2 protein chains.
Amino acid sequence: MVRTGSASVAAGPTLAVVAREAGVSVPTASKVVNGREDVAPETRRRVTEALDRLGYVRRPRFDAAKAPRLVDLVVHSLESSGSGAVLHGVEEAARDAGLEVVVCAALTRKRGGRPERGWLDKLGARGSSGVLFNLAELSESQYAWLEQHRIPFVMIDPVLEPPPGAVSVGAANWQGGVTATEHLLALGHERIAVVAGHRHTLGSSARVAGYRSALASAGVRHRTEYVRHAGSDEAAARRRMRELLDLPEPPTAVFVCSDRMALGVYEALAERGLTVPDDISVVGFDDLPEARWVTPALTTVRQPLSEMAATALRLLVRMMDGSRPEGTRTELSTRLVERASTAPPRA
Amino acid sequence: MVRTGSASVAAGPTLAVVAREAGVSVPTASKVVNGREDVAPETRRRVTEALDRLGYVRRPRFDAAKAPRLVDLVVHSLESSGSGAVLHGVEEAARDAGLEVVVCAALTRKRGGRPERGWLDKLGARGSSGVLFNLAELSESQYAWLEQHRIPFVMIDPVLEPPPGAVSVGAANWQGGVTATEHLLALGHERIAVVAGHRHTLGSSARVAGYRSALASAGVRHRTEYVRHAGSDEAAARRRMRELLDLPEPPTAVFVCSDRMALGVYEALAERGLTVPDDISVVGFDDLPEARWVTPALTTVRQPLSEMAATALRLLVRMMDGSRPEGTRTELSTRLVERASTAPPRA
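As the structure is a prediction and not an experimental result, all values here were calculated from the model.

Definitions and cut-offs
Residues numbered from 1 in each chain as written. Chains lettered and ligands numbered in written order. Predicted model: local features only at pLDDT ≥ 70, side-chain atom pairs only at ≥ 80, totals over all residues. Heavy atoms only, no water. Helix = DSSP H or I, 4+ residues; strand = E, 2+ residues; numbered from the N terminus. Buried < 20%, exposed > 50% of the residue type's maximum accessible area, 1.4 Å probe, protein only. Contact = heavy atoms within 4.5 Å. Areas by Shrake-Rupley, 256 points an atom, 1.4 Å probe, with all protein chains shown as cover. Lys, Arg positive; Asp, Glu negative; His and termini not counted. Salt bridge = Lys/Arg side-chain N within 4 Å of Asp/Glu carboxyl O. Polar contact = N/O pair within 3.5 Å; in protein donor to acceptor, adjacent residues only side chain to side chain. pLDDT = per-residue confidence, 0-100. Pairing = 2+ DSSP bridges. Axes fitted to C-alpha atoms, helices over the stretch in contact; angles between N-to-C directions. Right-handed = clockwise from strand over helix to strand, strands pointing away. Parallel < 35°, antiparallel > 145°, perpendicular 65-115°, else oblique. Left-handed = near helix turned anticlockwise from the far one by under 90°. Nonpolar A, V, L, I, M, F, W, Y, C, P; charged D, E, K, R; others polar.

S.K.: In this structure, what is going on with the overall build of chain A? I would like to understand it.
M.R.: The secondary structure content of chain A amounts to 13 helices and 12 strands. The buried share of chain A, reckoned over its 347 residues, is 56%. Pairs at least 24 apart in sequence give 70% of the contacts found in chain A among residues at least 6 apart. Accessible area for chain A stands at about 14800 Å²; split by element, carbon and sulfur atoms hold 50% of it.

Encoded structure:
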């Protein structure tokens with residue numbers, strides 16, 4: 001930058017010098033420097049040029065009195081389509097509460113779903129007001145660190161049983177399993193299988209329990225060979241579906257515990273030349289955007305991810321303000337979204 | 001909390017009192033308080049209990065020397081599936097650079113794609129080190145504010161022409177338009193239409209220009225009635241596709257300037273009982289996750305969103321460190337992803 005100003009400046013010109021150079025009042029120059037919007041464009045241009053000519057540099061500095069409080073959101077992965085809904089819910093609720101959100105991906109494959117070492121130090125140095133986790137887990141010492149430092153945290157859809165006393169928000173997974181299974185029973189299916197996630201994850205085991213309850217209520221025999229645990233990816237779901245089709249009495253309907261896995265189930269059915277829903281009915285879980293795009297469009301149990309995330313943020317704000325939520329787990333209801341992947345069994 | 005400690009405490013116990021109560025050394029108590037991980041679990045438990053009994057409260061405070069620098073990412077919407085890829089790229093590159101990311105959604109419908117008023121004040125008070133925008137625009141006075149305060153910014157895939165001198169990263173949109181069209185020409189199509197986005201957006205006009213260039217190079221006549229601008233949503237694309245099908249000589253192939261719009265085109269074709277690709281070929285643009293899930297899977301031009309976002313973050317870091325990038329626009333190459341939606345025209 002070439003300085004051509006006539007003022008003799010050592011550590012930079014004062015605002016008075018800038019104002020004189022631009023031919024405006026000091027308050028007007030101040031408005032421009034402080035980014036206020038109530039300045040005429042031409043005035044702003046003159047002041048900006050004077051600032052540049054004189055080499056006036058004023059970068060905002062951290063201002064504890066005005067700085068918005070920050071909350072941290074740690075997500076399992078930013079690439080899955082569910083994380084967009086979570087982020088959307090958190091961001092909107094945070095905006096309403098006057099907070100800002102720092103996002104961190106836990107990158108499971110590299111780090112077992114945990115944020116990297118050093119993350120807590122950064123969070124501490126920033127003076128984070130609270131933390132939300134989505135499908136991400138901390139180590140015991142990381143939880144202990146948050147407790148010790150009185151930094152409140154809330155878990156959104158925790159994968160495993162949260163530590164004692166931890167506050168979490170999830171979907172009504174058990175009820176969702178009941179709903180999906182009752183829908184298939186109502187269509188006349190009795191040979192209903194389930195392709196579930198990992199055996200020990202909270203969401204999956206509750207969904208399978210709901211499936212069992214619905215069968216029991218309807219007086220339909222539960223067959224253990226109809227329950228297959230697939231982890232959570234498409235490829236595993238495809239393998240489990242192949243196994244189900246190879247049974248002496250294959251199912252006429254399948255409840256798949258995530259939309260993502262339902263895509264793998266669709267692939268296994270297509271391989272065998274089976275048509276959904278004529279040959280076999282499929283119900284998913286989640287209602288991710290892709291559920292609408294597959295053919296036939298997937299009937300699924302909607303998990304209100306954005307609402308869960310917004311609820312978690314609001315609970316966190318109450319905890320930041322010193323109050324303790326009533327319970328440790330809040331569940332939001334799920335509902336069936338009927339599309340084109342379910343029909344009565346073949347006569 | 002019930003305080004049963006024997007120490008007489010006014011403003012809270014000192015660390016020495018805590019250490020004595022726990023029967024450990026002061027450095028060990030300090031380690032626990034500071035969240036260091038090199039402490040035996042039993043020792044940590046004893047210190048934590050002593051901290052609780054004595055009511056020792058130490059919340060981290062903002063520490064300018066240790067606080068990581070924050071950058072702001074302003075995205076058009078957090079719900080679109082493209083924003084996940086952008087966020088993923090920014091977050092990973094930021095982690096590598098030792099930065100943290102504050103996310104803000106611009107919420108177009110309410111605010112014309114611009115962040116709310118007051119956002120700049122918060123960003124200033126936080127001492128933000130730089131800003132990235134994705135498909136989001138600022139008002140002139142907001143840009144001026146950033147310039148004045150010397151807060152560098154980089155635009156990822158700007159919708160409109162960026163302000164003079166602004167640094168941006170985008171896809172090679174023109175080349176992508178050429179690639180899509182050449183693919184259809186190579187299959188033997190000559191009646192190739194294009195369903196484009198808004199007429200004046202940067203990405204869309206470059207893609208259409210690429211389409212025209214490819215036709216011209218192949219000596220295929222350009223028909224103005226084959227170019228339809230649809231905005232960017234599915235419903236508009238569906239309407240434009242219906243118009244194309246109603247032409248006296250409808251196209252045998254269509255290049256759709258986004259995957260999202262291609263879904264609308266699929267719907268219009270299904271309404272008329274037309275099969276993709278037997279009756280008509282479709283090429284999309286973006287390679288969003290949904291391109292894989294539709295039937296038939298969409299052939300599309302891949303836009304490397306994560307890489308674009310990571311590149312933008314790295315450029316921003318250089319600007320934060322005082323250097324200026326060589327050019328104002330960086331383009332990353334696109335490539336054709338062939339799936340099942342294109343085939344030679346019917347004989």
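S.K.: Would you explain the side chain of Asp286 of chain B in this entry?
M.R.: Residue and element names in this part refer to chain B. As for its position among the elements, Asp286 is in strand 9 (residues 281-286). Buried within the structure, Asp286 lacks any salt-bridge partner; its nearest side chain of opposite charge belongs to Arg207, at an N-O separation of 4.3 Å. Among the polar contacts made by the side chain of Asp286, one reaches the side chain of Gln303 at a distance of 2.8 Å. Beyond its immediate chain neighbours, meaning those up to four positions away, Asp286 contacts Arg207, Ser258, Asp259, Thr300, Val301, Arg302 and Gln303.

S.K.: Explain the confidence of the model for chain A to me, please; I cannot follow it from the model alone.
M.R.: Note: predicted coordinates in regions of low pLDDT should not be interpreted at a detailed level. Across chain A, the average pLDDT comes to 86, with 90% of residues at 70 or higher. Throughout residues 1-12 of chain A the model reports pLDDT below 50, and contacts reaching past four residues in sequence, or to other chains, amount to 12 contacts.

S.K.: How do you make sense of the sheet that holds strand 6 (residues 192-196) of chain A when you look at a structure like this?
M.R.: Strands pair in a sheet through their backbones, by hydrogen bonds, and they do so in one of two ways: parallel or antiparallel. All names here are of chain A. Strands sit in the order 7-6-8-9-10-12 across an open sheet of 6 strands; the sheet is mixed. Edge positions in the sheet fall to strand 7 (227-229) and strand 12 (335-337), since each has one partner strand and no second. The sheet shows a mean angle of 20° between the axes of neighbouring strands, taken without regard to direction. Relative to strand 12, strand 10 (residues 299-302) runs antiparallel, the two sharing 3 bridges. Pairing of Arg302 across the sheet is with Arg335, part of strand 12. In the packing of helix 11 (residues 259-271) onto the sheet, contacts are made with strand 6, strand 8 (253-256), strand 9 (281-286) and strand 10, and the angle to strand 9 comes to roughly 160°.

S.K.: How do you make sense of the sheet that holds strand 10 (residues 299-302) of chain B when you look at a structure like this?
M.R.: All names here are of chain B. Overall, mixed pairing links the 6 strands, which are arranged 7-6-8-9-10-12 in an open sheet. Because the sheet does not close on itself, it has two edges, and the strands there are strand 7 (227-229) and strand 12 (335-337). Each strand axis lies, on average, 20° off the axis of its neighbour in the sheet, ignoring direction. Two elements, strand 6 (residues 192-196) and strand 8 (residues 253-256), share 4 bridges in a ladder whose sense is parallel. By the bridge assignment for strand 8, Ile192 is matched with Ala253. Contacts between helix 8 (residues 173-186) and the sheet are confined to strand 6, strand 8, strand 9, strand 10 and strand 12, with strand 9 contributing the most and set at about 160° to the helix.

S.K.: Would you mind showing me how to read the pairing of strand 2 (residues 99-105) of chain B here?
M.R.: Within a regular strand, the side chains alternate between the two sheet faces. Within strand 2 of chain B, 7 of the 7 residues are buried, leaving the element largely enclosed by the surrounding structure. As paired elements, strand 2 (residues 99-105) of chain A and strand 2 of chain B share 3 bridges and run antiparallel to each other. In the strand pairing of strand 2 of chain B, Val101 of chain A is matched with Val103 of chain B. In this structure, strand 1 (residues 69-75) of chain B lies alongside strand 2 of chain B, joined through 7 bridges in parallel fashion.

S.K.: Explanation requested: the pairing of strand 6 of chain B in the structure shown.
M.R.: Residues and elements named next belong to chain B. Within strand 6, 5 of the 5 residues are buried, which leaves it mostly tucked inside the rest of the structure. Side chains of strand 6 alternate between two faces, with Ile192, Val194 and Ala196 and Ala193 and Val195 buried alike. Summarising the sheet, strand 6 and strand 7 pair through 3 bridges and their orientation is parallel. Looking at the pairing, Val195 lines up with Arg228 of strand 7. Viewed along the sheet, the connection from strand 6 through helix 9 (residues 202-217) into strand 7 turns out right-handed.

S.K.: I'm lost on the packing of helix 3 (residues 41-54) of chain A against helix 7 (residues 140-148) of chain B in this one. Help?
M.R.: Contact pair helix 3 of chain A / helix 7 of chain B: the axes reach a minimum separation of 11 Å and the direction vectors enclose 15°. Comparing their axes, helix 7 of chain B and helix 3 of chain A come out roughly parallel. Crossing geometry of helix 3 of chain A relative to helix 7 of chain B is assigned as left-handed. From helix 3 of chain A, Arg44, Thr48 and Leu51 of chain A reach across to helix 7 of chain B, where they touch Ser141, Ala144 and Gln148 of chain B. Each residue belonging to the contact of helix 3 of chain A with helix 7 of chain B can be placed in one class, and the counts come to 2 nonpolar, 3 polar and 1 charged.

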